[in-house]
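If you want the building blocks of each chain, they are given just below.
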Amino acid sequence: MATKQTDRRSWTRPTAFYNHYVKWAVYVIIAVFLLWSAWNMRISMARVMDGWDAAVGLVNGMFPPEYTTEFKNELLIEGLIESLAMSVIATIVGVIISIPVAFMAAENIAPKPVYWVGRGIITVSRSFHELIIAIIAVKAVGIGALAGVIALSYKTVGFFAKLLAEEIEDIDSGQMEATEATGANRTQTMLFGVLPQVMPRIVGLTIYRWDINIRHSTIVGIVGAGGIGATLLNSFDQYDYDFFLLIIIAIIAIVMVGELISTYIRGRIQ
Amino acid sequence: MLSVTDLQKTYPSGDEALKGVSLEVTGSETVAMIGPSGAGKSTFIRCVNRLTEPSGGSVELDGLELTGLSGKKLRNARRDIGMIFQEYNLIERLTVMENVLSGRLGYVSTWNAFRRNFDGDDIERAYEVLERVGLDGHENNRADELSGGQRQRVGIARAILQRPKILLVDEPTSSLDPESSRAVMDLLTEIAAEDDIPVLINIHEVDLAEEYADRIVGLRLGEKVFEGTPADLDETARGQIYRGEEIPEGAGPTGKVAAEAGDVGGVSSDEGEIRRS
């Protein structure tokens with residue numbers, strides 16, 4: 001019996017790291033980095049207390065939200081409508097540009113050079129935050145909604161084309177082959193063998209991106225690219241906190257309505 | 001008339017799927033190609049319409065050399081070759097009518113294809129073909145609403161709407177139950193006879209091949225090891241195709257082909273040994 005005891009085999013879960021020393025080294029590095037970051041910022045208790053007082057003052061200043069001044073209400077509605085319009089136009093323009101880019105960036109159907117061009121367009125579009133694009137667009141075409149539409153369309157391409165290209169890469173190639181075998185040309189093969197397979201995804205992604213564009217259209221105004229953002233920033237700069245809160249609530253309402261619509265439509269196409 | 005000479009295919013992985021197979025299909029005959037999985041049956045058929053690029057040999061359809069064609073010429077050649085697939089390969093989200101009419105894509109402009117603006121005669125003929133395959137009234141169903149047997153009949157309708165000079169059929173019955181398999185085979189041989197087009201079928205079920213084919217070709221490891229009428233396909237020939245068994249001296253008509261094909265019969269697999277014992 002005793003010999004059987006010593007033969008008993010033990011088991012520990014193999015580590016995901018190279019070995020256990022590497023594992024502990026990684027943990028130590030993370031801990032040191034965390035401590036250094038905290039020390040580097042030098043957040044003192046007094047600073048936290050001061051900040052707390054200021055925060056309470058701000059929130060007090062916000063309540064109740066102001067909705068009685070007719071002039072400000074008009075400003076608000078105008079801004080929101082502009083934001084909404086920007087999001088719709090930017091989505092449509094962005095999607096129209098994205099679809100050919102997505103076909104270019106799908107490895108299974110595009111020749112290698114075209115594929116790299118398509119991927120390149122997507123990467124460049126994904127590299128920058130919309131605010132950076134909005135700043136550039138404002139410089140290029142002037143303050144206003146056009147700059148915002150440019151920024152949002154530009155970002156739509158990176159998002160939409162990337163996800164659609166991945167969808168195209170997952171299609172059933174049999175349907176494409178069968179179309180090819182009838183003597184169809186390249187474009188016809190895409191129209192019959194590929195497009196019907198990714199159509200639900202195109203609709204779903206469009207709605208999803210519209211939903212994102214509504215949210216982003218409220219922010220690009222901060223740099224002068226149209227929409228409610230400019231009004232938001234102005235109210236804040238003028239210490240008009242109760243109007244600021246009204247704008248925030250309105251934005252939340254709009255985003256929620258957009259989300260409800262997009263959830264409903266996406267539910268219908270699944 | 002389809003005439004294939006010394007067709008070879010080596011995949012980039014180094015697999016030799018076809019090691020020089022020659023075959024002629026003429027008139028309105030039905031030729032069945034049988035063989036174990038991995039024998040190169042599908043590769044052979046796909047090399048004919050160049051869905052797979054052959055590495056060597058020649059494929060001639062009515063005197064036109066298909067290997068080496070590209071662009072418009074290849075597309076025009078493909079219009080004359082109807083293909084039916086194992087997994088049907090219908091465009092699932094489109095209607096039955098769109099699937100059938102897609103057989104005419106080689107004849108319409110891209111813009112008209114996008115608008116689904118097909119020729120009136122083609123639409124009329126699509127209705128006729130749907131009736132012929134027993135799917136009248138289903139033209140507005142989506143392809144993914146149909147049963148397996150029905151889908152394969154849409155696949156057949158699409159292929160014959162091309163008015164092909166030959167039908168290539170890749171494992172038409174593998175995804176079907178025995179009943180639907182027979183219906184599909186009946187339809188195929190019927191069409192071959194009526195429209196006077198030859199049919200080349202890859203098939204797993206040997207009994208279906210024997211029943212429906214005018215001629216049977218056996219492939220094994222990328223080489224042709226048997227060619228003859230269904231009556232010639234005796235136990236010796238089966239053993240040779242499926243188990244790589246050696247041909248006894250002076251055995252039937254299969255001996256002749258084996259001699260042409262070279263030394264293939266000499267390789268005896270372990271599986272064969274077990275089965276024989």
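A quick note: this is a predicted structure, and the numbers were derived from the prediction, not measured. (Residues numbered from 1 in each chain as written. Chains lettered and ligands numbered in written order. Predicted model: local features only at pLDDT ≥ 70, side-chain atom pairs only at ≥ 80, totals over all residues. Heavy atoms only, no water.)

What follows concerns the overall build of chain B. In terms of helices and strands, chain B carries 11 helices and 10 strands. Counting all 277 residues of chain B, 54% fall into the buried class. In chain B, the proportion of contacts linking residues at least 24 apart, taken out of those at least 6 apart, comes to 67%. Accessible surface computed for chain B: about 11800 Å², of which carbon and sulfur atoms make up 44%. (Helix = DSSP H or I, 4+ residues; strand = E, 2+ residues; numbered from the N terminus. Buried < 20%, exposed > 50% of the residue type's maximum accessible area, 1.4 Å probe, protein only. Contact = heavy atoms within 4.5 Å. Areas by Shrake-Rupley, 256 points an atom, 1.4 Å probe, with all protein chains shown as cover.)

All names here are of chain B. Scored by pLDDT, chain B comes out at a mean of 84, with 89% of its residues at no less than 70. Within chain B, helix α3 (residues 96–101) carries the highest mean pLDDT (94), whereas helix α11 (residues 270–276) carries the lowest (41). Listed scores for the predicted complex are pTM 0.79 and ipTM 0.82. (pLDDT = per-residue confidence, 0-100.)

Now for the pattern of salt bridges. Residue and element names in this part refer to chain B. With the rule as written, the count across this model stands at 24 salt bridges over all chains. Across the pair Glu227 and Arg215 runs a salt bridge, and its minimum N-O distance is 2.4 Å. On the criterion of sequence distance, the pair formed by Glu227 in strand β10 (residues 223–228) and Arg215 in strand β9 (residues 215–220) is long-range, its members being 12 residues apart. Its relative accessible area of 17% is what places Arg215 among the buried residues. Of the charged contacts, one joins Arg243 and Glu235 as a salt bridge, the two residues approaching to 3.3 Å between their closest N and O atoms. Judged by relative accessible area, which is 15%, Arg243 ranks as buried. Ionic contacts of the salt-bridge type, sharing partners, join the residues Glu29, Arg215, Lys224 and Glu227 into one network. (Salt bridge = Lys/Arg side-chain N within 4 Å of Asp/Glu carboxyl O.)

What follows deals with the sheet that holds β10(B). Residue and element names in this part refer to chain B. Read across the sheet, six strands follow the order β6-β7-β8-β3-β9-β10 without closing on themselves; strand pairing throughout is mixed. In the strand order of this sheet, the two ends are held by β6 (81–84) and β10, each with one partner. On average, adjacent strands in this sheet sit at an angle of 20 degrees to one another, irrespective of strand direction. Note: β6 against strand β7 (residues 166–170), four bridges, orientation parallel. For Gly82, the partnering residue across the bridge sits in β7 and is Leu167. In this fold helix α6 (residues 148–161) packs onto β6 and β7, with an angle of close to 175 degrees to the strand it touches most, β6. (Pairing = 2+ DSSP bridges. Axes fitted to C-alpha atoms, helices over the stretch in contact; angles between N-to-C directions.)

Within the element layout of this structure, Asn213(A) appears in helix α9 (residues 186–217). Other than its neighbours up to four places away in sequence, Asn213(A) contacts Ser87(A), Ala90(A), Thr91(A), Leu152(A) and Thr156(A).

Here we take up the domain arrangement of chain B. Residue and element names in this part refer to chain B. What the domain assignment reports for chain B is domain 1 (1–80 + 165–178 + 194–277) and domain 2 (91–163). Carbon and sulfur atoms supply 46% of the area buried between domain 1 and domain 2, which totals about 790 Å² over both sides. Arg132 is the partner of Glu194 in a salt bridge, and the nearest nitrogen-oxygen pair spans 3.2 Å. Our count for the contact surface shared by domain 1 and domain 2 stands at six residue pairs in polar contact (both at pLDDT 80 or more). (Domains from an automatic or database assignment. Buried area = accessible area lost by both parts, 1.4 Å probe. Polar contact = N/O pair within 3.5 Å; in protein donor to acceptor, adjacent residues only side chain to side chain.)

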